[in-house]
Amino acid sequence: MTGQTIPRQAIHRLPDGLRTDGGVHVVTGEPGCGRTRFLEYAAGSFRAGPVWHVRAQPGRSAPPLSGLHTLLRAAGRTVRVAGDGTAGEALFDVLRAAAGASPLLVCVDDAHLWDPASRAALGHAAARVRATGVRAGLLLTVPGHRPVDRELAALPVLRLGPLAPGDAARVVDDVTGGAVDPGVREELVTAAEGNPALLLALVHRLSPAQLAGRRALPRPLADGEVLTGVVGGCLTGVPPDRAGLLLTTAAAVRATGEPDADADLVRRAAGADAARPLPEVLVLAEGRLRFRSALLGRAVYAGAPPERRRAAHHALAACLADTGADGVLALLHRSRTVTGPAPALAAELAAAAASAPPGLRRGALTRAAELTADGAERAHRYTAAAAQALLAGHSSEALRLLDAARSRPVPASVRGGAELLRGAVLLADGPVDDARESFLLAAGLLTRADHEAADTATLGAADAAWAAGDPASCLHALTPTRALSSGAPAAGPHSVLLRDHRDGMRAVLLGRFDRAAGPLRRVVERGLSGDEPEPLLRSASAALMLGDTTAARRAGARALATARTLGCAALEPRALEYLAYAELRAGRHQLARTHAEEGLRTASRTGQRNTAAHHHAVLALAASIEGEREIVAEHVAAALRTARRHGLAQAATLAQWAAARADLGAGRPREAADRLGPLVRSGARRGHFAVWMLAVPCFVEATVLAGRPEHAAAAVEDFALWAACGADPQAPAQLLRCRALLAAPDAADPLYLRALDRHEETAGDFERARTELLYGKWLRRRRRLREARNRLGEALMGFERCGAHLWAQQAAAESRAGGAAPGLPGAGELSRLTPQQLRIARRVAEGATNREVALSLSVSTRTVDYHLRNIFATLGVRSRVELVRLVGQAEKTGAQP
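Below, the structure is looked at part by part. Small disclaimer: the values here were computed from a predicted structure and weren't measured.

Conventions adopted
Residues numbered from 1 in each chain as written. Predicted model: local features only at pLDDT ≥ 70, side-chain atom pairs only at ≥ 80, totals over all residues. Heavy atoms only, no water. Helix = DSSP H or I, 4+ residues; strand = E, 2+ residues; numbered from the N terminus. Rg over C-alpha atoms; globule rule 2.2 N^0.38 Å. Buried < 20%, exposed > 50% of the residue type's maximum accessible area, 1.4 Å probe, protein only. Contact = heavy atoms within 4.5 Å. Areas by Shrake-Rupley, 256 points an atom, 1.4 Å probe, with all protein chains shown as cover. Lys, Arg positive; Asp, Glu negative; His and termini not counted. Charge placed at Lys NZ, Arg CZ, Asp CG, Glu CD. Phe/Tyr/Trp six-rings, centres within 6.5 Å; stacked < 30°, edge-to-face > 60°. Lys NZ or Arg CZ within 6 Å of the ring centre and 35° of its normal. Salt bridge = Lys/Arg side-chain N within 4 Å of Asp/Glu carboxyl O. Axes fitted to C-alpha atoms, helices over the stretch in contact; angles between N-to-C directions. Parallel < 35°, antiparallel > 145°, perpendicular 65-115°, else oblique. Nonpolar A, V, L, I, M, F, W, Y, C, P; charged D, E, K, R; others polar. Pairing = 2+ DSSP bridges. Expected span 1.5 Å × (residues − 1). Core = buried A, V, L, I, M, F, W, Y, C linked by side-chain atoms within 4.5 Å. Left-handed = near helix turned anticlockwise from the far one by under 90°. Right-handed = clockwise from strand over helix to strand, strands pointing away. Arc of directions from axis to C-beta.

Each helix and strand in the chain was counted, giving 44 helices and eight strands. Against the globule reference of 29 Å for 897 residues, the chain gives a C-alpha radius of gyration of 31 Å, in line with a compact fold. Overall, the chain is about 95 × 80 × 50 Å in size when its C-alpha atoms are taken along their principal axes. Split into buried and exposed, the 897 residues of the chain put 54% on the buried side. By sequence separation, contacts in the chain at least 24 residues apart represent 65% of the contacts at least 6 residues apart. Carbon and sulfur atoms make up 52% of the accessible area of the chain, which totals about 37200 Å². Here the chain holds 112 positive side-chain charges and 91 negative ones, and the gap between their average locations is 3 Å.

Given below as C-alpha cells:
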C-alpha cells in the first residue's frame, strides 16, 4: 500500500501534536483502514527525537511481560522488570529518562496481541506520561471491530476515518496509472466507502478492460469473497450458535440502510437469548444493535449463502407481522425473500414509501424498482429513489440509481424526469457543461408532459451556464421560445416564479438592469412569502443580482432553516453559499467566513464538490482580508482544483481575486496586478462575467502602487458602467476611490472625500478603511501630516474592527512614518494575534485538540499546528497549559480584541 492510500490529515495529526505538546493515543479503525501504514508513516516522519517502533506478535501462550521485554530490547534498553505490578512504573521511568534530552515517540502496532501484564504496564506508563507532561508520545494500534482492552481503555482514542471521495479517487488513479474510466472510478470509490484495503482489493479484482470501461463490471462489485478477504480473521472465534445473531443483525441493517437495528426485533428473529452476552463485534446502545465495524457487517451479509440471507429476512418480517408492525419495514424484509420480478409486492412498497421516513423511503423505492417488470414504471421508481438520495446528500448513489433508470427504453416524460435530476446532481458535483446538457435534454423531453418540470430544467441549464461563465449559453437557455415561453398553458405559482427569474436573469445578461428589477423583485418577494427551500434559494439568488444583500441574507437564512427542518441535507450547502456570498457583498467578512466554514463541512458531507469549491473561494476571500497567507493559499488551491476539473469559472475567478488581494495586503502590488490583469481586462482570459468587475478596485490599487497606472484606465471605465447599474452597494464609493488613485494631484482630494461620503451609505468597515488608508498615504506624501494621521488612524481602527491584520499593519506603518507615536494602544496580549490565531487560541483554551480545531475551521491539522507554534512564540508561552491560563486571564479582565 502506498503512502497516498492513507488519509493525509490522519497521517499528520499525531506527529504535529507531538511537536507542540506530546500526546498518547490508542489508534483504531475499521479492518483495512491502514493502522499499520499510519504507524509506519508516523515513525518515519518524526524528526524531533528518537523513535521506538515494535509490532506485537500473536501468541496466546506468551509468558507475562514478554511484550514489554520486546519493546525494551527494540529500544536497546536493559531493565529488570518484575511481575508484581511495578512494571508500569518501571516503564514510565525508562520513557521519562529517554525523553529527557529530546522528545520520544513510541509506536506499538497491534498492542492487543501483547500479554495482559505487558498491556497493563503499557497502559499505566501511558497514563503517567499524560499526567506528568513528559515529552513522550505513545501510539498504540488496536483493531476497531472489538472493544479496546481494559488495560488501555482509559487512554484517548484516535479513530482513523475513511478516505474522502477525492482522496479515494486519487488512490485509484495512482494505483492504475490513470488508466481507469471516470464512471468505473466513481463506482470503485462508492463501493469501497473510504476503506483503503477494500478499495485496493476492488481495483485488483478488475481486468484492464473492466477498468477502462470496455467490459461490464462484476455484480456486486464488492462481493462476499472480496469483503471476507479484507476483514480477514476478524470473525474468528465467534461461536457457531451466535453466527445467526450476526447475520440477522446484518440483514436488519441491510434492509433499512441505517447503521443500527432494533435489538429486541433482531433477538426475537434470531431466537437469541437476551441474557447471553453479545459477541464482541456487536454493541448495544439505547435498545439498538450495531456492528462495531460497518465493514464487518457488510462481510457477514455478503458472505452468507443466499438461502440463509433470505431466511433471516423472512424471520424479521414474521416478527414484525406478529407485532402488528406490517408497514414499510416489514415489506422491505419480505422483498428480500423473493427473487425476480414481483409486481404486487413492488406496488405495495412504492405505496408505503409515500408515508415512510426519508431513509426508508429511498430504500423502499429502490427495492420496488428492482422488483418491477414494466420498464417505464421501473425507471420512474428508480428516478424517485434517486431524488430521495439526492435530498439526503448521497450524490453518487443518486447517479447510480439514475443509470439504472435509463437502462431500458422508456417514455419521454420518464426519461425527462431522470435527466432533470441528473442535471441537478452534476450541477452540484460534476462538470457543469454536462449538467447544462442534461437540463436542456430534460427540458425538451418534458415540454409537453410537465410544463413546470420543463421550466425548472430550462432555468437549471441557465444556472449551469452561469456557473461555467458562458453568457452565450446562458442567454440561449433563457430564450423565451424555449420551455419557459409565456404561452405555455396553466402556469402554476412556481412556474410564474421561474419565469420571472428567467426574465430577470436575461435582462441582467443583456445589461438592462432597468428591466431586470421588476421580475427579480417579484422572485424575492414570492420566495420570502413562503417556507419552501427551493423558492427561497431562488429568492436569495435574485436578491444578490439586485444587490439587495439584506434580502439575500434573509432568504438564505430562511432556506437553511427550512432545509434543516425538512431533512433536505442536499440543500443546506447551497443555502449557506448564498448566505456567505451575501455577507461578503455586505462587507461582513467574518460572518461570511462562519457560514462558509459550515457550508464547506456540509458540502463535503453530502458529496457536493462544486458547492464546496465556492465555499473554499469565500474562505479564501475572507482570509485575504485577515492577512492569513497560508490559509488563503490552501483554500485557493482547493477551489481551483475543482473549478478547473468541472469548469467552474465563477469559483475560479473569486479564488484568483482572493490570492491577489492577499498579495496586496502583504505589500506586493506588482504580484497582485499581474494576477488580476488577465481577469479584469477585456479578452478571452477575462474572468467570470458576473464577478470580474468586483476585482477591479483591487486591480486599480495594485497597478497604481506598482507604478503602472496607465494599465488601469480602461478597467475603470468598465467598472463605471457596473457601478451605474446599482447592483453593488459598495461600487459607487469604490469607483470614486479608483478615480482618485488615477487623478491628477489637484483633482484627487475631492474624489477621496466624495468616496468617503458614499461609504457612509453602506455597511462594512473594510472598504471604507481601504479608502482612508489610500487617502492617508496621499496626504502624507503631500506633507499634510495632521490630516494624514487622522485618516490613517481611522483606517487603523476600521481594519482592527474587521480583523484585517496585515492591512492594519500597513496603516500603522504609514502613521508612524507620518510622525505618530509608536505602540498604539492594544487590547491586551491577545491583540498581538491575527484573527485566525485568536480563533485557534480560544478553541485550544476550551480544550479542543488540534484535529477538532482543524475540523471546526475547515483547515488542515498542519495549518493549525503552524499557527499554534506562532501563537506560542508571539505570546511567549511554552505549553497549552500556559496558553489556557493566558486566554482565561484576558477574558476575565476583558482585555481581548
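Let us keep going from here.
The full count for this structure, using the stated rule, is eight aromatic pairs. Between Phe-766 and Trp-807, the ring centres sit 5.3 Å apart and the planes meet at 90°, which makes this aromatic pair edge-to-face. Residue Phe-766 is located in helix H38 (residues 765-781), and its partner Trp-807 is located in helix H40 (residues 805-817); the two are separated by 41 residues in the primary sequence. Trp-807 shares its class with Phe-766; the two are buried. Arranged with centres 6.0 Å apart and planes meeting at 35°, the rings of Phe-799 and Trp-807 form a pair that is tilted. In terms of burial, Phe-799 and Trp-807 fall into one category: buried. A cation over an aromatic ring shows up here: Arg-661 above the ring of Trp-657, its NZ or CZ 5.0 Å from the ring centre.

Further remarks concern the pattern of salt bridges. For the coordinates displayed, the defined rule picks out 62 salt bridges. The shortest N-O distance in the salt bridge between Arg-502 and Asp-503 comes to 2.6 Å. Classification of Arg-502 by relative accessible area gives buried; the value is 5%. In this structure, Asp-663 and Arg-675 form a salt bridge, with 2.7 Å as the shortest nitrogen-oxygen distance.

This part covers the packing of helix H11 (residues 240-256) against helix H14 (residues 306-322). For any two helices packed against each other, the geometry comes down to the angle between their axes and how far apart the axes lie. Packing of H11 against H14 brings their axes to within 9 Å, and their N-to-C directions diverge by 75°. As far as their axial angle goes, H14 and H11 are roughly perpendicular. Residues Ala-243, Gly-244, Leu-247, Thr-248, Ala-251, Ala-252 and Ala-255 of H11 lie in contact with H14, whose contacting residues are Arg-308, Arg-309, Ala-312, His-313 and Leu-316. Grouping the amino acids of the contact of H11 with H14 by side-chain chemistry returns seven nonpolar, three polar and two charged.

Here three strands make up an open sheet; going across it, the order is E6-E8-E7 and the pairing antiparallel. In this open sheet, the two strands that pair with only one neighbour each are strand E6 (261-262) and strand E7 (282-285). Pairing between E7 and strand E8 (residues 288-291): four bridges, direction antiparallel. When the bridges of E8 are listed, Leu-284 appears paired with Leu-289.

Attention now goes to helix H4 (residues 87-98). Count 3.6 residues to each turn of an α-helix, and residues three or four apart come out pointing the same way. Spanning 12 residues, H4 covers 17 Å between terminal C-alpha atoms, matching the ideal 16 Å at 1.5 Å per step. If you check which residues of H4 are buried, you get Ala-87, Gly-88, Ala-90, Leu-91, Phe-92, Val-94, Leu-95 and Ala-98. Where the residues of H4 are buried, they touch strand E2 (51-55), helix H3 (66-74), strand E3 (104-109), helix H5 (116-132) and strand E4 (136-141).

A separate point is the environment of Asp-110. Inspection of the secondary structure assignment puts Asp-110 in the loop between E3 and H5. According to the relative accessible area criterion, Asp-110 is buried, its value standing at 8%. Linking Asp-110 and Arg-782, residues 672 residues apart in sequence, is a C-alpha distance of 73 Å. Contacts of Asp-110, omitting those with residues within four sequence positions, involve Arg-35, Arg-55, Ala-56 and Thr-141.

A few words now on the nonpolar core. Formed by 163 residues in total, the largest nonpolar core has its most connected members in Phe-799, Ile-871 and Leu-883. No other element matches the 11 residues that helix H22 (residues 451-468) contributes to this core. If we skip the residues at most four places from it in the chain, Phe-799 touches Phe-766, Ala-769, Arg-770, Leu-773, Ala-804, Trp-807, Ala-808 and Ala-811. In this structure, Val-171, Leu-199, Ala-261 and Leu-316 belong to the second largest nonpolar core, which totals 53 residues.

Moving on to unusual backbone geometry. Of the consecutive residues Arg-219 and Pro-220, the connecting peptide bond is found in the cis state with omega at -5°. Tracing the sequence through the fold places Pro-220 in the loop between helix H9 (208-211) and helix H10 (224-231). If you check the backbone angles, Glu-193 has positive phi at about 50° while not being a glycine. Checked against the element boundaries, Glu-193 lands in the loop between helix H7 (182-192) and helix H8 (196-205). Unusually for a residue other than glycine, Arg-783 sits at a positive phi of about 60°. When its relative accessible area of 61% is taken as the criterion, Arg-783 is described as exposed.

Interaxial distance between H22 and helix H24 (residues 493-509) falls to 9 Å at its minimum, and their mutual angle equals 30°. By the criterion of interaxial angle, the relationship of H22 to H24 is roughly parallel. Considering how the two elements wind past one another, H22 and H24 form a crossing that is left-handed. Each of His-451, Glu-452, Asp-455, Thr-456, Leu-459, Ala-462, Asp-463 and Trp-466 in H22 lies in contact with H24, whose residues at this interface are His-494, Ser-495, Leu-498, Arg-499, His-501, Arg-502, Met-505, Val-508 and Leu-509. Classifying every residue of the contact of H22 with H24 gives seven nonpolar, five polar and five charged.

A large share of E3 lies buried, amounting to six of its six residues. Burial along E3 is two-sided: the residues Leu-104, Val-106 and Val-108 and Leu-105, Cys-107 and Asp-109 are all buried. Here E2 pairs with E3 via five bridges, running parallel. Bridge pairing in E3 places Val-54 opposite Val-108. Note that the unit made of E3, H5 and E4 has a crossover that is right-handed.

What follows deals with the sheet that holds strand E1 (residues 23-29). Here five strands make up an open sheet; going across it, the order is E2-E3-E4-E1-E5 and the pairing parallel. Looking at strand neighbours, the two that pair on one side only are E2 and strand E5 (157-160), the edges of this open sheet. Strand after strand, the sheet turns through a mean of 15° between neighbouring axes, direction not considered. Pairing between E3 and E4: five bridges, direction parallel.

Let us now look at H7. Along H7, the residues classified as buried are Val-184, Arg-185, Leu-188, Val-189, Ala-191 and Ala-192. Summarising the axial view, the buried residues of H7 lie within an arc of 170°, below the 170-degree limit, and thus occupy one face. Against the buried residues of H7 lie helix H6 (165-176), H8, H9 and helix H13 (294-303). At the C-terminal side of H7, Glu-193 shows a positive phi close to 50°.

What follows concerns the pairing of E8. Only one face of E8 is buried, namely the one carrying Leu-289 and Phe-291, since none of Arg-288 and Arg-290 on the opposite face is buried. Here E6 pairs with E8 via two bridges, running antiparallel. Note that in E8 the partner of Ala-261 across the bridge is Leu-289. Hairpin geometry of E7 and E8 is characterised by an intervening segment of two residues between the two adjacent antiparallel strands and by a positive phi of about 55° at Glu-286.

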